[in-house]
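Analysis of the macromolecular model
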There are 2 protein chains.
Amino acid sequence: MSKQELTILGRAADDACCQGLASAPLDEQRAADLAKIFKALGDPVRLRLMSMIASREGGEVCVCELTPAFDLSQPTISHHLKLLRQAGLIDCERRGTWVYYWVLPGVLDRLAGFLAVPHSAKEPV
Amino acid sequence: MSKQELTILGRAADDACCQGLASAPLDEQRAADLAKIFKALGDPVRLRLMSMIASREGGEVCVCELTPAFDLSQPTISHHLKLLRQAGLIDCERRGTWVYYWVLPGVLDRLAGFLAVPHSAKEPV
DNA sequence: GCCCTGAATCGAAAAACGTCAACATAGAGG
DNA sequence: CCTCTATGTTGACGTTTTTCGATTCAGGGC
């Protein structure tokens, strides 16, 4: 359950951190990988899910706490969580009856690093 | 041509920078505003467009330089540029026959700040 | 004025997406 | 084993998105 295409996209975000959006034109492959990540964040429900998970003390949230926060059916939430997982943003683990989700460490920081031009690159001092 | 809904979404990203994704669960409104921005970046073509514009020495690119970089029709590129503009990420100006695009200053940094948890908030030291 | 070039808009078709109801699966606890 | 609860999966449907060709608009030059 916890291994999907995390590696690929994780790598994508990883590489991306070292060559930001504004440092050079993206090649098609990297653009495709990164677009998948941004697309995952490009939905209000998924953004809120991410926020609920990321802001959680302890880093983990049970699905049973996420679902009732929305006016959506349980399968829909499950579907959104799956997309976030396939984008390499979160992962999950079943523990008895419940499933817990957490944000993969470093992903958000790498993504932020990709967006923000490294200060040094901006101002050569 | 240069004033669309830039203000609204620009504000959204602005507020967001002060209350990151991981600091507290996003309310519906902010989630919707921010999702629009991420959705704009959630397409390979638009990501490449953003990158081509952002990485440009001088900060400006003529559409006539962007269009031939893709295997897509001119109207399609024009449409993607419009979406990026409506998301508050770029702006443009006509100069004679040509139209030039640039990345709105600070937008990418604010977005990055929204994603990356402020270091201080992470480690209270 | 007329035409030419660059870019945006319009209208339509195909593909992708978000959502649900129905069903399937995984554990816990009898 | 049977049942109950918590999640994931499937199939379908309406909406949105992506893309194009055709058209329109804006300026420059004749």
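- The name an unreviewed UniProt entry assigns to chain A is ArsR family transcriptional regulator, from the organism Streptomyces griseoruber.

Remarks on the overall build of chain A
- If you tally the helices and strands in chain A, you get seven helices and three strands.
- Shown N-terminal to C-terminal, the secondary structure of chain A runs as helices and strands in the order α-α-α-β-α-α-β-β-α-α.
- Counting every position in chain A, which comprises 125 residues, the buried fraction comes to 46%.
- Sequence-distant contacts in chain A: of pairs separated by 6 or more residues, those separated by 24 or more amount to 61%.

A word on the interface of chain A and chain B
- Taken together, the 33 residues of chain A in the interface contact 33 residues of chain B.
- In this assembly, chain A packs against chain B so that about 2,600 Å² is buried in total across both faces, 71% of it on carbon and sulfur atoms.
- For chain A, the biggest contributors to the area lost against chain B are Leu-21, Leu-47 and Leu-115 of chain A; these three give 20% of the whole.
- Linking chain A with chain B are one salt bridge, by the criterion used here.

With respect to the protein's contact with DNA strand D
- Near DNA strand D lie 26 residues; those nearest to it are Gln-74 and Tyr-101 of chain A together with Ser-73, Thr-76 and His-80 of chain B.
- Take the atoms of DNA strand D that sit within 4 Å of the protein: sugar and phosphate atoms are 73% of them.
- Within the contact set of DNA strand D, a phosphate oxygen lies 3.1 Å away from a side-chain nitrogen or oxygen of Ser-78 of chain A.
- Between a phosphate oxygen of DNA strand D and a side-chain N or O atom of His-80 of chain B, the distance comes to 2.5 Å.
- Listed by contribution, the elements that provide at least two residues to the surface near DNA strand D are helix H4 (63-66), helix H5 (74-86) and strand S3 (98-103) of chain A together with helix H5 (74-86) of chain B.
- It is H5 of chain B that provides the largest number of residues to the surface near DNA strand D, a total of five residues.
- Looking at the surface near DNA strand D residue by residue, the class counts come to eleven nonpolar, nine polar and six charged.

Quick notes on the packing of aromatic side chains
- Under the definition given, this model contains three aromatic pairs over all chains.
- Here Phe-38 of chain A and Phe-38 of chain B contribute two aromatic rings whose centre-to-centre distance is 6.1 Å and whose plane-to-plane angle is 15°, an arrangement assigned as stacked. Here Phe-38 of chain B lies in helix H2 (residues 28-41) and Phe-38 of chain A lies in helix H2 (residues 28-41), a pairing that spans two chains. For the pair Phe-38 of chain A and Phe-38 of chain B, one class covers both residues: buried.
- Ring centres of Phe-38 of chain B and Phe-114 of chain B lie 6.2 Å apart, and the angle between their planes is 40°; this geometry places the pair in the tilted category. Of this pair, Phe-38 of chain B sits in helix H2 while Phe-114 of chain B sits in helix H6 (residues 107-115), placing them 76 residues apart in sequence.
- Clustering of aromatic rings is evident, with ring pairs tying together Phe-38 and Phe-114 of chain A together with Phe-38 and Phe-114 of chain B.

Here's the deal with the protein's contact with DNA strand C
- In the vicinity of DNA strand C lie 27 residues, with Ser-73, Thr-76 and His-80 of chain A together with Gln-74 and Tyr-101 of chain B positioned nearest.
- Measuring from a phosphate oxygen of DNA strand C, one finds a side-chain N or O atom of Lys-39 of chain A at 3.4 Å.
- Within the backbone of Cys-64 of chain B, a nitrogen or oxygen atom sits 3.1 Å from a phosphate oxygen of DNA strand C.
- The set of elements that each furnish at least two residues to the surface near DNA strand C consists of H5 of chain A together with helix H4 (63-66), H5 and strand S3 (98-103) of chain B.
- At five residues, the largest contribution of residues to the surface near DNA strand C is made by H5 of chain A.
- Considered class by class, the residues forming the surface near DNA strand C number eleven nonpolar, nine polar and seven charged.

Comments concerning the state of the cysteines
All names here are of chain A.
- Overall, the coordinates contain two disulfides over all chains when judged by the stated rule.
- Sulfur-sulfur distance for the disulfide between Cys-62 and Cys-64 comes to 2.5 Å. Disulfide Cys-62-Cys-64: torsion about the S-S bond near 130°, hence right-handed.
- Judged by its relative accessible area of 3%, Cys-62 falls in the buried class.
- Given a relative accessible area of 43%, Cys-64 falls into the partly exposed group.

A closer look at the pairing of strand S2 (residues 90-95) of chain A
Residue and element names in this part refer to chain A.
- Summarising the sheet, S2 and S3 pair through six bridges and their orientation is antiparallel. Pairing of Asp-91 across the sheet is with Trp-102, part of S3.
- Counted along the chain from S2 to the antiparallel partner S3, the turn is two residues long, and its residue Gly-96 has a positive phi close to 70°.

The rules behind these values
Residues numbered from 1 in each chain as written. Chains lettered and ligands numbered in written order. Predicted model: local features only at pLDDT ≥ 70, side-chain atom pairs only at ≥ 80, totals over all residues. Heavy atoms only, no water. Helix = DSSP H or I, 4+ residues; strand = E, 2+ residues; numbered from the N terminus. Buried < 20%, exposed > 50% of the residue type's maximum accessible area, 1.4 Å probe, protein only. Contact = heavy atoms within 4.5 Å. Buried area = accessible area lost by both parts, 1.4 Å probe. Salt bridge = Lys/Arg side-chain N within 4 Å of Asp/Glu carboxyl O. Near = heavy atom within 4 Å. Polar contact = N/O pair within 3.5 Å; in protein donor to acceptor, adjacent residues only side chain to side chain. Nonpolar A, V, L, I, M, F, W, Y, C, P; charged D, E, K, R; others polar. Phe/Tyr/Trp six-rings, centres within 6.5 Å; stacked < 30°, edge-to-face > 60°. Disulfide = S-S within 2.5 Å. Pairing = 2+ DSSP bridges.

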